[in-house]
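# Descriptive structure summary
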Amino acid sequence: MTDRRRINGPPCGTRPPVFAPATGKAAESPKRTRRSNELRKIFLKTGLIPSAAGSAYLEIEPARPLLTKPLIARSSALKLTCTVHGPKPLPRSTPFSPNLLITTHVKYAPFAARRRRGYIRDASERDLGVHLETAIRGAIIAERWPKSALEVTVNVLEAEDDRWWGNVSGSYDASWGMMNVLAGCITATSAAIADARIDCLDLVVGGVAALVREEASQKTEGHAVNGSPILVLDPDPSEHRSIVSTCVIAYMPGRDEITELWLKGDALEVALSEDDKRSGHEALIDGAVDTARRLHSVLTAAVVESGERLFSAMTDGTWTKDDNGNVEMKI
Amino acid sequence: MGSPAAGTATASQQPSSGSNNHYPTPSSLPPSQIARLQPHAFLLAHLSPPASSNQPPVRANGRSPAEFRVTSANAGSLTHTNGSAVVRIGDKAAVCGVRAELLYTQDVASWGVSKSSSSSSSISGGATQGEEAGEGEDEEDDSQIRDLHLLVPNLSLSTGCAPGFIPGAPPSALAQSLSHQILSLLHTSRMVRADDLRIWYHPPNLSALERETESHERMDTGEEEEEEEGEEGSESGTSEIKAFWVLYIDVLIISLAGNPFDAAWAAVLAALRDTKLPRAWWNVDNDMVLCSDDASEAKKLHLRGMPIASSYCVFEADPAASWRPVVIPGAAKEEKDVQGKKRSQQSWVLADPDGYEENLCQERICVVVDQDRGGKTKVLRIEKNGGLSVGKEELRKLVNISIGRWNHLKSIIEALR
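Residues numbered from 1 in each chain as written. Chains lettered and ligands numbered in written order. Predicted model: local features only at pLDDT ≥ 70, side-chain atom pairs only at ≥ 80, totals over all residues. Heavy atoms only, no water.

### Quick look at the pattern of salt bridges
Within this structure, the stated rule accounts for 35 salt bridges over all chains. R137(A) is the partner of E133(A) in a salt bridge, and the nearest nitrogen-oxygen pair spans 2.4 Å. A residue pair is termed a helical-turn pair when its members lie 3 or 4 positions apart in one helix, as E133(A) and R137(A) do in helix α1 (residues 123-137) at 4 residues. Among the residues examined, R137(A) registers a relative accessible area of 40% and is labelled partly exposed. A salt bridge links R59(B) to E357(B); the shortest N-O distance between them is 2.8 Å. A residue pair is termed long-range when its members are at least 10 positions apart, and R59(B) in the loop between α2 (39-47) and β1 (71-75) and E357(B) in helix α12 (residues 355-360) qualify at 298 residues. Salt bridges sharing common partners tie together R34(A), R40(A), E160(A), D234(A), D236(A) and E239(A). (Salt bridge = Lys/Arg side-chain N within 4 Å of Asp/Glu carboxyl O. Helix = DSSP H or I, 4+ residues; strand = E, 2+ residues; numbered from the N terminus. Buried < 20%, exposed > 50% of the residue type's maximum accessible area, 1.4 Å probe, protein only.)

Here's what the structure looks like:
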């Protein structure tokens, strides 16, 4: 059934373009050039959407930025916006709630992925919304706002690929890109909630780690034994041929607490290198925590910036920074 | 709001313009609160400074009535699109992504019928392909884009851009009407040429092939083609349209602060200017269209003109005036003249209204203008509703303001890559 409230295009449907293999050169799959514990650059800014109580924009730059834009995107970045509306009173019809009610919506833009996505939320988007809600619920002090609601909306403008675009989907392929999107959602939402001045226990940071298996012919940095997977932080799924397992966590560094843990793939049987006796799961969770700890500094900087903006707005510019960088008020 | 006014509870008092002038106020409410409690009086006090102060009227947001918000644009930042743009106008932000997909003519049920009725012109289109399209062909252009739904704009407001729009809900009435406005403006302005969207198939020249005695398979396919073509494929074979590009134009309003149409249209325009379509050809063996991934072979759309929308709303000093009973014309004619004069003074036309002003105004005007290379102005569309304050003369002035706006936006959009 067609959606009559939107403009639907040709009734017989359209097909995505098929690209002919370019003669002469075969497209090469990208390889990870960062070290296994090196993160990609992240850009986080709060307050870009003035109509919302709190907002944040997050962007993870692709590992290899290109000067000219090719027709088939070689690598993809993650770009998302997050808005927070509230806390606002619940409508009268809703039953009494002693806590703050949180609703989360994650929506991919139609142009976010290689395949055009529809406007109606699909199962994966609902799934992401539920995971995001769990992640931030653990950090918000919900008892402070009885009878009120908080609405979190995340727009994914550009999502990460699940695999390299040149590969056909394999049997043990999962939607790995979703994990990176979730981690980005958690970090951005945390910044937006802080921007909306909502009391939290701590800032929640999303972190991703993955166990990947490289091809036998290629040795990465010499320490990986053939066949046994290696642990990489902040993986870009398009850079790895086979991903064994991926883990996303939402982590509060100040309290050393995990509010959300999502692990995909089978890492139980996996043995790491000889000197590492951890099980695959432990290694993955440790790696994800490590990622989150390092992203925490970016998040803190964004929140501090948001706080400075609030001060200057409240005091109409009478707050100034002195030479030591401390904020002082002119009297 | 950022209003500098040290507001007062009464509308007649003077709003201050300097940020540091703190007038003693009878009420202790800050200006932002008065703006919420008495929005109409607040804006009126800003727009009608006392004659003694010699100040021009200033809106509550610090702009003069005919001033637009600061505009910035950025194009080509989204990797999975054929063309994309972000336009920010003040606090508004719109993201537009254009994505091209293929519509095979063999899938179109009515293709054979419509083609036979207009076959002559489509063949002539094939002959003049690559050349500048003539006037006669423009009509054909228009109808194909419209009939086959080759442009599919959709606007989404449920992005958390404003508190009122529930995310995940079906598109609101406003979003639906904006989508249709964009679609109708795309059609009526005829900005996109159908010729850019067609994918032709030119069957190989048989006679030349025979002379060169190519391999047998290719001749076979060629002969089949000729049989399909019938009597027309005598010399060089007839070109036919095998597929069309369909442009999905998706606009997300990321941040809403009144007047979404201007920003959405500017984003659509900038994204279409950024759009590159890959070179595509019909592959006979696979019976499908293949595209080249070589960026140097891709070509941009040749857009017709650059229509730019500018919106206005009319703020009336006395919003209840239209509710009062009309004075009988014969009885007090002079009085009415005086009143009419007064009334025209008591309304202000505000360019590019923000959300606060939009809520206070009834009358809306949207003007879409374009200029051709000779500097001749074309008015592509005027939409006006909600009131009677703006007449012929005022509308003419607004068109002039819109031309100024057109020049400004043109320089911004043309500065993009």
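### With respect to the packing of aromatic side chains
Residue and element names in this part refer to chain B. Counting across every chain of the model gives 5 aromatic pairs over all chains. When the ring of Y104 is compared with that of W282, the centres are 6.0 Å apart and the planes differ by 65 degrees; the resulting orientation is edge-to-face. With Y104 in strand β3 (residues 92-104) and W282 in strand β8 (residues 280-283), this residue pair connects regions lying 178 residues apart in the sequence. The pair Y104 / W282 is uniform in exposure class, with both members buried. The interplanar angle of 80 degrees and the centroid separation of 5.7 Å between the aromatic rings of W111 and F244 together place this pair among those described as edge-to-face. (Phe/Tyr/Trp six-rings, centres within 6.5 Å; stacked < 30°, edge-to-face > 60°.)

### Let's talk about the side chain of E101(B)
You can see E101(B) is positioned in strand β3. No salt bridge is formed by the buried E101(B). Its closest oppositely charged neighbour is R116(A), at 5.4 Å. In terms of polar contacts, E101(B) uses its side chain to reach the side chain of T14(A), at 2.8 Å. When near neighbours in sequence (up to four residues on either side) are disregarded, E101(B) contacts T14(A), R15(A), P16(A), P17(A), R116(A), F244(B), W245(B), V246(B) and Y248(B). (Lys, Arg positive; Asp, Glu negative; His and termini not counted. Polar contact = N/O pair within 3.5 Å; in protein donor to acceptor, adjacent residues only side chain to side chain. Contact = heavy atoms within 4.5 Å.)

### Things to note about helix α2 (residues 177-195) of chain A
Residue and element names in this part refer to chain A. Helix length check: α2 (19 residues) gives 27 Å between terminal C-alpha atoms against 27 Å at 1.5 Å per residue, within 8%. Burial analysis of α2 places 19 of its 19 residues in the buried class, which makes it a mostly covered element. Looking at the residues trailing α2, positive phi occurs at R197, about 55 degrees. (Expected span 1.5 Å × (residues − 1).)

### Some thoughts on the nonpolar core
Residue and element names in this part refer to chain B. L247 and L272 are the most contacted members of the largest nonpolar core, which totals 88 residues. When residues of this core are assigned to their parent elements, the largest contribution, 11 residues, is made by helix α10 (residues 260-274). Residue-level mapping places this core at the junction of two domains, with at least three residues from each of domain 1 (59-67 + 311-414) and domain 2 (71-204 + 211-304). Filtering out sequence-adjacent residues up to four positions away, L272 remains in contact with V98, L186, M191, V192, L247, I249, L301 and L303. (Core = buried A, V, L, I, M, F, W, Y, C linked by side-chain atoms within 4.5 Å. Domains from an automatic or database assignment.)

### Comments concerning the sheet that holds strand β6 (residues 148-158) of chain A
Residue and element names in this part refer to chain A. Spatially, β2-β3-β4-β6-β5 is the arrangement adopted by the 5 strands of the open sheet, whose pairing is mixed. One side of each edge strand has no neighbouring strand; the edge strands of this open sheet are β2 (42-46) and β5 (100-108). Between one strand and the next, the sheet's axes are offset by a mean angle of 15 degrees, whatever the strand orientation. Against the sheet, α1 contacts β5 and β6, and its axis sits at roughly 140 degrees relative to β5. Here α2 sits on the sheet in contact with β2, β3 (54-60), β4 (78-89), β5 and β6, set at roughly 45 degrees to β4. (Pairing = 2+ DSSP bridges. Axes fitted to C-alpha atoms, helices over the stretch in contact; angles between N-to-C directions.)

### Describing the interface of chain A and chain B
Tallying the contact residues gives 51 residues for chain A and 62 residues for chain B. Carbon and sulfur atoms supply 58% of the area that chain A and chain B bury against each other, a total of about 4,800 Å² over both sides. Counting across the interface, chain A meets chain B through 2 salt bridges. For R15(A), the salt bridge is made with D107(B), and the minimal N-O distance between the two is 3.0 Å. For the interface between chain A and chain B, the tally reads 18 residue pairs in polar contact (both at pLDDT 80 or more). Those elements that place two or more of their residues in the side of chain A that touches chain B are β1 (18-19), β4 and β6 of chain A. Looking at the side of chain A that touches chain B residue by residue, the classes come out as 25 nonpolar, 13 polar and 13 charged. Pairing geometry for β1(A) and strand β9 (residues 288-291) of chain B, over 2 bridges, is parallel. Bridged to F19(A) within β9(B) is C291(B). (Buried area = accessible area lost by both parts, 1.4 Å probe. Nonpolar A, V, L, I, M, F, W, Y, C, P; charged D, E, K, R; others polar.)

### Observations concerning unusual backbone geometry
Cis geometry marks the peptide bond from G86(A) to P87(A), where omega comes out at 0 degrees. With respect to the helices and strands, P87(A) occurs in strand β4. Located in the positive-phi region is N259(B), a residue other than glycine, with phi close to 55 degrees. The topology assignment puts N259(B) in the loop between β6 (240-255) and α10. In the Ramachandran plot, D287(B) falls in the positive-phi region, its phi being about 60 degrees despite a non-glycine side chain. Structurally, D287(B) is set in the loop between β8 and β9. In this structure D287(B) comes out as partly exposed when scored by relative accessible area, which is 44%.

### Details of the packing of α1(A) against α2(A)
Residues and elements named next belong to chain A. α2 packs onto α1 with a crossing angle of 45 degrees between their chain directions and a minimal axis gap of 10 Å. The angle between the axes of α1 and α2 places the two elements in the oblique class. Taken as a pair, α1 and α2 cross one another with a handedness that is right-handed. Along its contact with α1, which presents S124, D127, L128, H131, L132, A135 and I136, the element α2 presents M178, V181, L182, C185, I186, T189 and I193. Residue composition of the contact of α1 with α2, by class: 10 nonpolar, 3 polar and 1 charged. (Parallel < 35°, antiparallel > 145°, perpendicular 65-115°, else oblique. Left-handed = near helix turned anticlockwise from the far one by under 90°.)

Purely spatial values, then, with no claim about function.
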